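Survey of secondary and tertiary structure
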Amino acid sequence: MLDKWWEITPLQEMTQDEWEKICDRCGKCCLIKLQDEEEDGGEVYYTDVACHLFDGDACQCADYKNRQLRVPDCVQLEPGNLEALSWMPPSCSYRRLQQGLGLASWHHLVSGDINSVHSTGNSAIGRVVFERDIDEDLEDRIVEWPIIVKN
Ligand code: SF4
Ligand code: SF4
């Protein structure tokens, strides 16, 4: 594999292995999102409420292999489905590459540390709640931190 292959390989042309390495494991795409009606602008809001299958301590899906079976509306991001990028947070590494921004300094391929996404505050680790544990409406759990990118 070439040095910095992600800078010269379009997302659509990545191998499965390369594609998986781009995910920074931030976990933000596993947060429940709310969207305004299209006629009201269609804006997307992030909550700090995670999908029931999310493992908040490990900051990853608890059953990634079977996620589509267990959570049918789980958004599947893959080379043939880049439209799904519009649902990803601004910090999402796939979204950054698609926008020509390159990987952030805290990305593990740049930092060499798989945990730097967490230590720099760019992930959902330790910050989420679950619907089963809260009484509030989802609207009351809208938060800004998932859309903030710390470099
Ligand atoms: S938001 Fe993007 S980079 Fe972060 S976990 Fe989801 S797919 Fe991976
Ligand atoms: S099913 Fe897994 S990958 Fe999909 S949103 Fe839920 S926790 Fe995330």
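Residues numbered from 1 in each chain as written. Chains lettered and ligands numbered in written order. Predicted model: local features only at pLDDT ≥ 70, side-chain atom pairs only at ≥ 80, totals over all residues. Heavy atoms only, no water.

**Remarks on the sheet that holds strand S5 (residues 129-130)**
Taken together, the 3 strands give an open sheet; going across it, the order is S1-S2-S5, and neighbouring strands pair in mixed fashion. The sheet terminates laterally at strand S1 (31-35) and S5, the two strands that pair on one side only. Relative to S5, strand S2 (residues 44-50) runs parallel, the two sharing 2 bridges. Residue Val49 lies in a different strand from S5, and its bridge partner there is Val129. (Pairing = 2+ DSSP bridges. Helix = DSSP H or I, 4+ residues; strand = E, 2+ residues; numbered from the N terminus.)

**Overview of the site of ligand 2**
If you check the shell around ligand 2, you find Cys30, Cys51, Leu53, Phe54, Cys61, Arg67, Val71 and Cys74 and nothing else. Spatially, ligand 2 is embedded in the largest pocket. (Near = heavy atom within 4 Å. 1 Å grid on protein atoms, 1.4 Å probe; cavity = no way out; pocket = protein on both sides within 12 Å on 5 of 7 lines; lining within 4 Å. Sits in = over half its atoms within 2 Å of the grid points.)

**A closer look at the pattern of salt bridges**
Tallying each qualifying case throughout the model produces 4 salt bridges. Across the salt bridge formed by Arg141 and Glu136, the nearest N and O atoms sit 2.8 Å from each other. Linked by salt bridges that have partners in common, Asp48, Glu136 and Arg141 make up one network. (Salt bridge = Lys/Arg side-chain N within 4 Å of Asp/Glu carboxyl O.)

**Re the nonpolar core**
One finds Met14 and Tyr94 to be the most contacted residues of the largest nonpolar core, which totals 15 residues. One finds Leu31, Ala50, Val128 and Val143 within the second-largest nonpolar core, a separate group that totals 10 residues. (Core = buried A, V, L, I, M, F, W, Y, C linked by side-chain atoms within 4.5 Å. Buried < 20%, exposed > 50% of the residue type's maximum accessible area, 1.4 Å probe, protein only.)

**Thoughts on the site of ligand 1**
Neighbouring ligand 1 are the residues Cys23, Asp24, Cys26, Gly27, Cys29, Pro89, Cys92, Ser93 and Tyr94. For ligand 1, the cavity whose grid points lie within 2 Å of the majority of its atoms is the largest pocket. Here the shell around ligand 1 is built from residues that sort into 6 nonpolar, 2 polar and 1 charged. (Nonpolar A, V, L, I, M, F, W, Y, C, P; charged D, E, K, R; others polar.)

**Thoughts on the environment of Lys65**
Positionally, Lys65 belongs in the loop between strand S4 (60-61) and helix H2 (67-70). For the pair Lys65 and Gln35, spaced 30 residues apart in sequence, the C-alpha to C-alpha distance is 27 Å.

**Regarding the packing of aromatic side chains**
For the structure on display, the rule yields 2 aromatic pairs. Relative to Trp6, the ring of Trp5 has its centre 5.4 Å away and its plane inclined at 85°; by these criteria the two rings are edge-to-face. On the basis of relative accessible area, Trp5 is assigned to the buried category, the value being 5%. We classify Trp6 as buried; its relative accessible area is 10%. Centre to centre, the rings of Trp19 and Tyr94 are 4.3 Å apart; their planes meet at 35°, and the pair counts as tilted. Of this pair, Trp19 sits in helix H1 (residues 16-22) while Tyr94 sits in helix H3 (residues 93-98), placing them 75 residues apart in sequence. The exposure class of Tyr94 is buried, given its relative accessible area of 6%. When the ring centre of Tyr64 is taken as reference, the NZ or CZ atom of Arg67 above it lies at 3.7 Å. Directly above the ring of Phe130 sits Arg132, whose terminal nitrogen or CZ lies 4.4 Å from the centroid. (Phe/Tyr/Trp six-rings, centres within 6.5 Å; stacked < 30°, edge-to-face > 60°. Lys NZ or Arg CZ within 6 Å of the ring centre and 35° of its normal.)

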